[in-house]
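Fold and geometry: a report
The primary structure of each chain is shown beneath.
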Amino acid sequence: MKTPRPDPDARWETLLRQARADVAPPTDLTALLRVVRTAELPGRPGWMSDFTALFAPRGALPACLGGASALALFAFWQIWSFWQALPWAQLLAITTGGAP
Amino acid sequence: MSDPDAECAARAGRGDRAAMEILVRRHQDAVARLLWRFVRTKSDLDDLMQETFLRMVRGLPDWRGQQPFVHWLLRIATNTGRDYFRRQTVRRRWLAEPRTGEADVPPEAIDPAADPAARAAANEVKALLAQLSPDDRTLLTLHHLEGWGLMQIADQFGWTLTATKVRAWRARRQLRSLLHTREHP
């Protein structure tokens, strides 16, 4: 009679059940408190940290896109206003003989 | 429901060392329980505990109380655990250690476990998981040993639920193959 082969899945489940019962050894509270007591405290967050947060990896792309869009809009507005003013400027130049 | 740690965490965020110590005393057991799933030796556990609470001190001024303090702290602990897995993988790559090498490392000479059978099983599971990539290892550690749901894990790491499910499925498939290889070499 052949011995049944062990089922890896069943063995895994048993192993997990046992492993979950494992508890952590006691930790070194004195060392932890020493770390907390001697740790260098970070500076209070202010406008500078808010500003630099804009350039954090997660915020960099939206900030760049926003900046590029604003620049494009401003440039378009400038070109548009010069374009509008150009015939008037030519007219002014003709009437004054080129003097400003 | 109000956060019982909110007032203490706010004081700690303003640099009150006594408040920080209260937070450490209050949550050290929960943090140790979680981090123990990531490590196999007490010295590694102590290192990760210190790293977690150091990150807590550094991050306290940014804590705004949108989530309970303990959730925030355990999130730091999970990230510390994942970074530990990543460091191990990098070190293994640099030292060109074989992937299965970690399974043969004895946990510690003096390792008094309350339940030796449970400790042996946990070490076996950790050694098997050590053969996966750091992210897969973290996912299965939290899911299988700590009993976290996939939604909770997805939220923890900022992954989508679908991506987490796919990752978990692939990791389990790899694990099953490792188990099969081990059972039938």
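Please read all numbers here as calculations on a predicted model, not as lab measurements.

1. Some words on the overall build of chain B
Looking only at helices and strands, chain B has 8 helices and 0 strands in total. Its helices and strands in sequence order give chain B the pattern α-α-α-α-α-α-α-α, from N to C terminus. Pairs at least 24 residues apart make up 62% of the contacts formed inside chain B by residues separated by at least 6 positions.

2. Notes on the overall build of chain A
In terms of helices and strands, chain A carries 4 helices and 0 strands. Mapped in sequence order, the helices and strands of chain A form the string α-α-α-α. Residue burial in chain A is summarised as follows: out of 100 residues, 4% are buried.

3. A closer look at the nonpolar core
Core analysis: the biggest nonpolar cluster contains 26 residues, and B:Val31, B:Leu35, B:Leu45, B:Met49 and B:Leu73 have the highest contact counts within it. Counting residues per element, the ones that place at least two in this core are helix H1 (6-13), helix H2 (17-35), helix H3 (42-59) and helix H4 (69-94) of chain B. Among the elements that line this core, the one with the most residues is H2(B), at 7 residues. Residues in contact with B:Leu45, not counting those within four places in the same chain, are A:Ala24, A:Pro25, A:Thr27, B:Ala32, B:Leu35, B:Trp36 and B:Val39. Of all hydrophobic cores here, the second largest spans 16 residues; its members include B:Leu139, B:Leu142, B:Leu145 and B:Ala154.

4. Looking at the packing of helix H7 (residues 150-157) of chain B against helix H8 (residues 161-183) of chain B
Residue and element names in this part refer to chain B. Running from amino to carboxyl end, H7 crosses H8 at an angle of 115 degrees, the nearest separation of the two axes being 9 Å. Considering the angle they form, H7 stands roughly perpendicular to H8. By crossing handedness, the relation of H7 to H8 is classed as right-handed. Residue-level contacts link Leu-150, Met-151, Ile-153 and Ala-154 of H7 to Leu-161, Thr-164, Lys-165 and Ala-168 of H8. Grouping the constituent residues of the contact of H7 with H8 by class yields 6 nonpolar, 1 polar and 1 charged.

5. A few points about the interface of chain B and chain A
Frequently, the measure chosen for interface size is the accessible area that the parts lose on association. Taken together, the 35 residues of chain B in the interface contact 27 residues of chain A. Counting only elements with at least two residues in the side of chain B that touches chain A, the list comes to H2, H3, helix H5 (116-129), helix H6 (134-145) and H8 of chain B. A per-element tally of the side of chain B that touches chain A places H3(B) first, with 9 residues. Counted by class, the side of chain B that touches chain A contains 18 nonpolar, 5 polar and 12 charged residues.

6. Notes on H4(B)
Residue and element names in this part refer to chain B. Here H4 spans 37 Å end to end across 26 residues, near enough to the 38 Å set by a 1.5 Å rise per residue. Burial in H4 covers these residues: Phe-69, Trp-72, Leu-73, Leu-74, Ala-77, Thr-78, Thr-80, Gly-81, Arg-82 and Phe-85. Buried residues along H4 sit against H1, H2, H3, H6 and H7.

7. Considerations on the environment of B:Leu175
Residues and elements named next belong to chain B. You can see Leu-175 is positioned in helix H8. When the C-alpha positions of Leu-175 and Ala-32 are compared, they lie 26 Å apart, and in sequence the two are 143 residues distant. Beyond its immediate chain neighbours, meaning those up to four positions away, Leu-175 contacts Leu-128, Leu-132 and Leu-140.

8. Some points on the domain arrangement of chain B
All names here are of chain B. Parsing chain B into structural domains produces domain 1 (1-97) and domain 2 (107-185). Once you take the C-alpha centre of each, domain 1 and domain 2 turn out to be 20 Å apart. Listed by partner, the interface residues are 13 residues for domain 1 and 12 residues for domain 2. Looking at side-chain class alone, the side of domain 1 that touches domain 2 contains 3 nonpolar, 4 polar and 6 charged residues.

9. As for H2(B)
Of all the bends in H2(B), the greatest, near 55 degrees, is centred on B:His27. Residues of H2(B) that are buried include every one of B:Met20, B:Leu23, B:Val24, B:Val31, B:Ala32, B:Leu34 and B:Leu35, and no others. If you follow the buried residues of H2(B), they end up packed against helix H2 (29-38) of chain A together with H1, H3 and H4 of chain B.

10. Description of the confidence of the model for chain B
For chain B, the average pLDDT comes to 86, and 89% of its residues sit at 70 or higher. Reported for the predicted complex are a pTM of 0.72 and an ipTM of 0.79.

11. Concerning the environment of B:Lys42
Residues and elements named next belong to chain B. Take Lys-42: it is sitting in helix H3. What makes Lys-42 partly exposed here is the crowd of 19 C-beta atoms within 10 Å. Remark: the alpha-carbon pair of Lys-42 and Gly-81, spanning 39 residues in sequence, is separated by 14 Å.

12. Some points on the confidence of the model for chain A
For chain A, the average pLDDT comes to 80, and 85% of its residues sit at 70 or higher. Within chain A, H2(A) carries the highest mean pLDDT (91), whereas helix H3 (residues 47-53) of chain A carries the lowest (72).

The rules behind these values
- Each residue is numbered by its place in its chain's sequence as written, counting from 1.
- Lettering for chains starts from A, numbering for ligands starts from 1, and both go in the order in which the items are written.
- Side-chain atom pairs in this predicted model are given and counted only at pLDDT of 80 or more, local residue features only at pLDDT of at least 70, and totals for whole chains, interfaces and linings cover all residues.
- A run of H or I in DSSP counts as a helix once it spans at least four residues, and a run of E counts as a strand once it spans at least two, with each numbered from the N terminus.
- Here contacts are defined at the residue level, using C-beta atoms placed from the backbone and a cut-off of 7 Å between them.
- Buried, partly exposed and exposed are defined by the number of other C-beta atoms within 10 Å of a residue's own C-beta, namely 20 or more, between the two limits, and 12 or fewer respectively, with C-beta atoms placed from the backbone.
- Joining buried Ala, Val, Leu, Ile, Met, Phe, Trp, Tyr and Cys residues through C-beta atoms within 7 Å gives a set, and that set is a nonpolar core.
- An axis is simply a line fitted to the C-alpha atoms; with a helix, the fit covers only the stretch in contact. Between two such axes, the angle follows the N-to-C directions and lies from 0 to 180 degrees.
- Each angle gets one of four labels, with under 35 degrees taken as roughly parallel, over 145 as roughly antiparallel, 65 to 115 as roughly perpendicular, and the rest as oblique.
- Here is the rule for handedness: rotate from the far helix to the near one, and if that takes an anticlockwise turn smaller than a right angle the crossing is left-handed, while a clockwise turn gives right-handed.
- Charged means Asp, Glu, Lys or Arg here, nonpolar means Ala, Val, Leu, Ile, Met, Phe, Trp, Tyr, Cys or Pro, and polar covers whatever is left, Gly included.
- Multiplying 1.5 Å by the residue count of a helix minus one yields the expected span of that helix.
- Throughout the structure description, domain borders are defined by an automatic or database domain assignment.
- At every residue, the bend is computed as the angle between two fitted axes, covering the seven residues ending there and the seven beginning there respectively.
- pLDDT gives the predictor's per-residue confidence on a scale running from 0 to 100.

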